[in-house]
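Next come the chains, spelled out residue by residue.
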Amino acid sequence: MASFRVADASEYLAITGVGIDDVKLAKKAWVFLGQQCKKFDITPVNYEFEVHAMSSEKLPFILPAVFTIGPKIADQESLLLYAKLIAPHDKNSSHVRELVRGVIEGETRVLAASMTMEQIFQGTKNFKQAVFENVQLELNQFGLVIYNANVKQLVDVPGQEYFSYLGQKTQQGAMNQAKVDVAEARMKGAVGAKEREGITLQKAAEVDSQTKVFRVRQEAIGIKEQAKVEAEVKVFENEREAVVAAAKAELATKKAAWDRQTKVAEVEAAKAVAIRDAELQMELERKNALRLTEKLKAEQLTKATVQYDTQVQDSNAALYSRQKAAEAKLYEQVKVAEASKAQADAQFFAQKLAEDAKLYAKQKEAESLAAVGKAKAEYVSSMLKALGGNYHALRDYLMIDGGLYQEMARINAGAVNGMQPKISIWSNGGDGGAGAAGSSVGGEGAAALQQVAGVYKMLPPLLSTVHEQTGMLPPAWMGALPKDGGAK
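Conventions used here
Residues numbered from 1 in each chain as written. Predicted model: local features only at pLDDT ≥ 70, side-chain atom pairs only at ≥ 80, totals over all residues. Heavy atoms only, no water. Phe/Tyr/Trp six-rings, centres within 6.5 Å; stacked < 30°, edge-to-face > 60°. Helix = DSSP H or I, 4+ residues; strand = E, 2+ residues; numbered from the N terminus. Buried < 20%, exposed > 50% of the residue type's maximum accessible area, 1.4 Å probe, protein only. Core = buried A, V, L, I, M, F, W, Y, C linked by side-chain atoms within 4.5 Å. Contact = heavy atoms within 4.5 Å. Pairing = 2+ DSSP bridges. Axes fitted to C-alpha atoms, helices over the stretch in contact; angles between N-to-C directions. pLDDT = per-residue confidence, 0-100. Parallel < 35°, antiparallel > 145°, perpendicular 65-115°, else oblique. Left-handed = near helix turned anticlockwise from the far one by under 90°. Patch = residues over 30% accessible without salt bridge, like charges linked within 9 Å, V, L, I, M, F, W, Y side chains within 5 Å. Areas by Shrake-Rupley, 256 points an atom, 1.4 Å probe, with all protein chains shown as cover. Salt bridge = Lys/Arg side-chain N within 4 Å of Asp/Glu carboxyl O. Expected span 1.5 Å × (residues − 1). Arc of directions from axis to C-beta. 1 Å grid on protein atoms, 1.4 Å probe; cavity = no way out; pocket = protein on both sides within 12 Å on 5 of 7 lines; lining within 4 Å. Points joined across faces, edges and corners; volume = space filled by probe spheres on them. Nonpolar A, V, L, I, M, F, W, Y, C, P; charged D, E, K, R; others polar.

1. Some details on the packing of aromatic side chains
- In the structure shown here, the tally under the stated rule is three aromatic pairs.
- Relative to F40, the ring of Y12 has its centre 6.2 Å away and its plane inclined at 20 degrees; by these criteria the two rings are stacked. A residue pair is termed long-range when its members are at least 10 positions apart, and Y12 in strand β2 (residues 11-17) and F40 in strand β5 (residues 35-41) qualify at 28 residues. Of the two residues examined, Y12 and F40, each falls in the buried class.
- When the centroid spacing of 6.0 Å and the interplanar angle of 55 degrees are considered together, the rings of F40 and Y82 count as tilted.

Structure (structure tokens):
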């Protein structure tokens, strides 16, 4: 026998029995024979507790809290857990209350033990959120959800006056701070007036000095910017001049190439005209020959009636001779045209080879000058490196290696070439040996006389040399020079 059951707005039907593997939840359903149906309420319930906890400093306190807890109706699986575990009991029964109380107290005590009293008191909001999250994790296994959690003010445990003393401390601190603030405000009022007067004078002087510095700085910046702009204009002008010079050089190069191409084209055009003229002349001569032949044929045909047999051979001979003459003339003209074309080609080729040779010679000359300069630079660099960076030694070596000293000697020799210097050589004779061989008696007197005689013998050539080189004559008491230059 079947019956139709309907649940209220805040209720659900939990159906078990035949045809149902576990538990079926519904708002309305048919209940058949062999099935059992039970209604359960899903209204949230308020649970008010005074949780006794202890901080990390081992200070006990009481945390009054009110939690609004009910089944999680948005999740079918959580609602099924609630129907299985909690719904068989009255939600206001001591069993459910103790279950919820145990979860809340356990999580609150664990969390409070990890925090100081100051952290709990100052961070009540964070503490409440942490308790809420930890309790919710435990209630999920029963299909319950916390709809609201209200943590009241922390209260001292009987016999403990921590929060009372803390309030007194805060009150006394506020009173003392108020007195200090009043005294400090009076002091600031008296000192602030004087400070404002001094600051006003200081700020005025500072603004004046900053104004002067700013004016000087702006003038310097203006001068710098003007110099910078002038330098940039000069650089731009130099760059433009360089670009114009490069463009002129490139234009000159292109003009030279164009002129050469123009001359070549003119020569080719002239030769082509000559060749075409020769060809047309040949064609004209050939047409004239054919025309004359046809004319002769017509004339002969009018008279050929009677004299055909007698004059046929003469006509053929004359025709043959004319053809040969025309062919000879045509051949001669063809050869002349070919010779003219060959000569023009030869002149053009010779001119092209000459221009190419000049260009190649200039390129090679430039390359040789560049190679010589590079070789000299490398040679001087290697020699300077070999001489240890001694510039004077390198200079002397280059002068010797370049034959500068030999050239100087040659120039000096050429300068004195053609001069006729007069060189006088004289001797006092060989009387020294005779003096040495004399007797020892009176030897010292003889030696003295010999020296005087040597000086007297030296005077004539000396006076002669002085006269020849300077034109001066000796005094009369010393002697006179003969006409041939000797001394008397």
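2. Structural notes on the nonpolar core
- Among the nonpolar cores identified, the biggest contains 39 residues, and F40, F61, F67, I69, I104 and F127 are the most heavily contacted of them.
- For this core, the elements supplying multiple residues, two or more each, are β2, β6 (45-54), β7 (60-71), α1 (76-85), α2 (94-113), α3 (117-122), α4 (124-139) and β8 (144-151).
- Of all the elements, α2 adds the most residues to this core, at six residues.
- Apart from the residues within four sequence positions on either side, I104 is in contact with F49, V51, F67, I69 and V135.
- By size, the runner-up hydrophobic cluster in this structure holds eight residues, among which are L13, I20, A29 and C37.

3. Let's talk about the sheet that holds strand β3 (residues 24-26)
- Taken together, three strands build an open sheet; the order of strands is β3-β2-β5 and the sheet is antiparallel. Two strands bound the open sheet, and with one partner strand each, they are β3 and β5. On average, adjacent strands in this sheet sit at an angle of 25 degrees to one another, irrespective of strand direction.
- The pairing of β2 with β5 spans seven bridges and is antiparallel. Bridging from a neighbouring strand, Y12 pairs with F40 of β5.

4. Side note on the confidence of the model for the protein chain
- On average, residues of the protein chain carry a pLDDT of 79, and 85% of them reach 70 or more.
- Ranking the elements of the protein chain by mean pLDDT puts helix α8 (residues 431-437) last, at 45, and strand β1 (residues 3-6) first, at 88.
- In the model, residues 431-441 has pLDDT below 50 throughout and makes four contacts with residues more than four positions away in sequence or in other chains.

5. Focus on the packing of α2 against α4
- One can describe the packing of α2 onto α4 by two numbers: an axis separation of 9 Å at closest approach and a directional angle of 135 degrees. Relative to α4, α2 is oriented oblique. The handedness of the crossing between α2 and α4 comes out as right-handed. In this structure, α2 contributes V103, I104, E107, T108, L111 and A112 to the contact, and α4 contributes F127, A130, V131, N134, V135, E138 and L139.

6. Some details on a nonpolar patch on the surface
- A grouping of Y379, V380, L387, Y397 and L398 is seen on the molecular surface, where their side chains present a nonpolar patch of about 370 Å² in accessible area.
- Listing elements by their share of the nonpolar patch, those giving two or more residues are α5 (162-386) and α6 (391-401).
- The topology assignment puts V380 in helix α5.

7. Focus: α4
- Under the 1.5 Å per step criterion, the end-to-end length of α4 is 22 Å for 16 residues, consistent within 8% with the ideal 22 Å.
- Every buried residue belonging to α4 is among F127, V131, V135, Q136 and L139, and all of these are buried. Buried residues in α4, looked at end-on, bunch into an arc of 160 degrees, giving them a common side. Facing away from the buried surface of α4 by more than 90 degrees, the exposed residues are K125, N126 and L137.

8. Structural notes on empty space enclosed by the protein
- One pass over the structure, following the stated rule, counts one cavity of 30 Å³ or more.
- Put simply, the largest cavity is a space of about 70 Å³.
- Y47, I69, G70, Y82 and L144 are, among the 13 residues lining the largest cavity, the residues nearest its centre.
- The set of elements that each furnish at least two residues to the lining of the largest cavity consists of β6, β7 and α2.
- Residue contributions to the lining of the largest cavity peak at three residues, all from β7.
- Its residues assigned to classes, the lining of the largest cavity shows 10 nonpolar, two polar and one charged.

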